[in-house]
Amino acid sequence: MLSLTLKTLEPTMQYLLLIYGNESAMKTATEADRNAMFAAYGDFTAGIVKSGHMVAGDALQPASTATTVRVREGKTLTTDGPFAETKEQLGGYYLVEAKDLDEAIKIAARIPGARVGSIEVRPVMILPPDYPRPARRA
Amino acid sequence: MNLDAQTVARVFAEERGRILATLIRVLGDFDLAEDALAAAFEAALHQWPGEGEPEKPRAWLIRTARNKAIDDIRRSLVVDRKRDEIQSAMAPEHAFVPAPDDADEPAVGDDLLRLIFTCCHPSLAVDAQVALTLRTLGGLSTEEIARAFLVPTITMAQRLVRAKQKIRTARIPYQVPDESDLPERLSTVMAVIYLVFNEAYAATSGDTLVRKSLGTEAIRLGRLLCDLMHLMPQRSGPRGLLALMLLQDSRRNARVTPDGDLVVLDDQDRRLWDQEQIHEGLSLLDETLRAAPADTYALQAAIAAIHARAGHADDTDWGQIVALYARLFTISPSPIVMLNHAVAVAMSDGPAAGLRLLDQLNVSGALAGYHLLPAARADLLRRLDRRVDAVAAYREALALVGNEADRRFLQRRLAELDPPRA
């Protein structure tokens, strides 16, 4: 007799890997350290492009350039700085395709920033197929 | 009829974890598997009395549960389709996929290991790991787990719901970790089991019966992990953990009086120690130490073994215990290990030597707020006949102590030194 399983047909899920790090420590890093970090990110990115895991990814300008926007009673309120002042700031992200959390964690652990800061791994919510979305970025 | 209900209950107690482990793999969902299992046991209660116990009860239950789950899903898909458009839009995702045929006796060990590693996944909070392990692998109800950990049942239920939600939503895989992750993941599993075991002895008020069942449950889980070891050759850790739990638990009947008062190791009636457990613990420890360098569990088991081997408190080889604590400190440098080391030094080289170490620890402030440090100082001061200092230290310990058995013990000692005036 055939056994039946209730499993999703989707072979993979998307995970957003948020890269947090201490900006002030990065500012005081030597030129050589910064170059090494840049090269390491280049290698890592090339690696996950090649393996087919990468969907998107970017580095962000420092938190000092951030603006926080809220709309209250119809009025737009803007304040300087990130939403939350924390010791580690959001510095970049990767959007990856992985078969499960363990694979996403393994990818996150290879991000160069994981060695000095932290990576938050967030599963991306699955929305109905007819939900509006842009054409996928190449 | 009554006898048949007992048969079902026995099969339930013995097989629940295994069946659940397989059902979670087959159905791909914890809640679905739990509901299906409950339905299958209900069916067994109805059918076995008339038809007799099936030849392979476990296979019968798995088959019945699986069929029930599939019926339920079919029905809910039909009912939900109109009501919930999003759900129906996602229907392809919930389609039935024929899986390779499972034999009726699948590799049960593999499923149990998958379940253990999923419940103890490091991306779940430790309290969720503990709750999920006890609920799915142990035979404990949500209410029992709540009582054991002194939280309201609703809180424990929510904790379990959130953990299962995370497994589903973040897609924590139902698999045994690969070789490169195994050492770390195995140590998470062992930590959960030992945490359950320690909770049984933490004796911070609460239901003593439930706590006792936590101890039994931890040993059962430790045994299960050892039984599954043939699937993970070259890993001796779980045997050391089981040895440690068996050796510590062997003193269970000697460590409290019938009134619930704590009896310290020196004063325990060693005839009450469970020799069968000691024997098993010692031989497991032997195997572990031969197989690999000792980890923290094996070293603690080795310390417990020295106590277990001493027929009388005076026969204890304290010199060796001191050496073992020193080794333990090199791999697990915690102030608690320092405290135990200092107490062992006091037994081996005299109270003055131990007190010097305790005073250093006291000054460091690393154990500030922990009642056992002033309690240990008080004991050594008492043995050095420094009555006034001892009384002060006992008072300090009493101000910090949380559990009733320890409080009564400290009060007794204090009363001996400083009898309350009538």
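Quick note: structure is the one above.
Heads up: these notes are all about the structure in this document. All values derive from a computational prediction rather than experimental measurement. (Residues numbered from 1 in each chain as written. Chains lettered and ligands numbered in written order. Predicted model: local features only at pLDDT ≥ 70, side-chain atom pairs only at ≥ 80, totals over all residues.)

Let's shift gears to the overall build of chain A. Along chain A, the regular secondary structure elements total 3 helices and 7 strands. Reading chain A from its N terminus to its C terminus gives the helix and strand order β-β-α-α-β-β-β-β-α-β. Taken over C-alpha atoms, the radius of gyration comes to 18 Å for chain A, far larger than the 14 Å a tight globule of 138 residues would show. Summarising its shape, the C-alpha atoms of chain A cover approximately 65 × 50 × 25 Å along the three principal directions. When each of the 138 residues of chain A is scored for burial, the buried share is 15%. Contacts in chain A between residues far apart in sequence, at least 24 positions, make up 76% of those at least 6 positions apart. (Helix = DSSP H or I, 4+ residues; strand = E, 2+ residues; numbered from the N terminus. Rg over C-alpha atoms; globule rule 2.2 N^0.38 Å. Buried ≥ 20, exposed ≤ 12 C-beta atoms within 10 Å, placed from the backbone. Contact = placed C-beta atoms within 7 Å.)

Regular strands have side chains that alternate between both faces of the sheet. Residue and element names in this part refer to chain A. Side chains Met13, Tyr15, Leu17, Ile19 and Gly21 project from strand S2 (residues 13-21) onto a buried face, and the interleaved Gln14, Leu16, Leu18 and Tyr20 project onto a face without burial. Looking at chain direction, S2 and strand S6 (residues 89-98) are connected through 9 bridges and run antiparallel. Paired with Tyr20 across the bridge in S6 is Leu90. The pairing of S2 with strand S7 (residues 118-123) spans 6 bridges and is antiparallel. When the sheet's bridge partners are listed, Leu17 is paired in S7 with Val121. (Pairing = 2+ DSSP bridges.)

For the rest of this paragraph, the subject is the packing of helix H15 (residues 335-349) of chain B against helix H17 (residues 372-383) of chain B. All names here are of chain B. The N-to-C vectors of H15 and H17 enclose an angle of 10 degrees; their axes lie 11 Å apart at closest approach. By the angle between their axes, H15 is roughly parallel relative to H17. When H15 is examined against H17, the residues Leu339, Val343 and Ala346 are found in contact with a partner set consisting of Leu372, Leu373, Ala376 and Leu380. Grouping the amino acids of the contact of H15 with H17 by side-chain chemistry returns 7 nonpolar, no polar and no charged. (Axes fitted to C-alpha atoms, helices over the stretch in contact; angles between N-to-C directions. Parallel < 35°, antiparallel > 145°, perpendicular 65-115°, else oblique. Nonpolar A, V, L, I, M, F, W, Y, C, P; charged D, E, K, R; others polar.)

A separate point is the pairing of S6 of chain A. When strand S3 (residues 54-59) of chain A meets S6 of chain A, the two strands line up antiparallel, connected through 5 bridges. Bridge assignment links Asp58 of chain A to a residue of S6 of chain A, and that residue is Tyr93 of chain A.

Next up on the list: unusual backbone geometry. All names here are of chain B. For Arg171, which is not a glycine, the phi torsion comes out positive at approximately 55 degrees. Mapped onto the elements of the fold, Arg171 is located in the loop between helix H8 (153-169) and helix H9 (182-202). For Arg171, a count of 21 C-beta atoms within 10 Å corresponds to the buried category. If you check the backbone angles, Asp385 has positive phi at about 65 degrees while not being a glycine. By secondary structure assignment, the location of Asp385 is in the loop between H17 and helix H18 (387-400).

Residues and elements named next belong to chain A. Here we have 4 strands laid out as an open sheet, ordered S3-S6-S2-S7, and antiparallel in their pairing. The sheet is open, and its two edges are formed by S3 and S7, each paired on a single side. On average, adjacent strands in this sheet sit at an angle of 20 degrees to one another, irrespective of strand direction.

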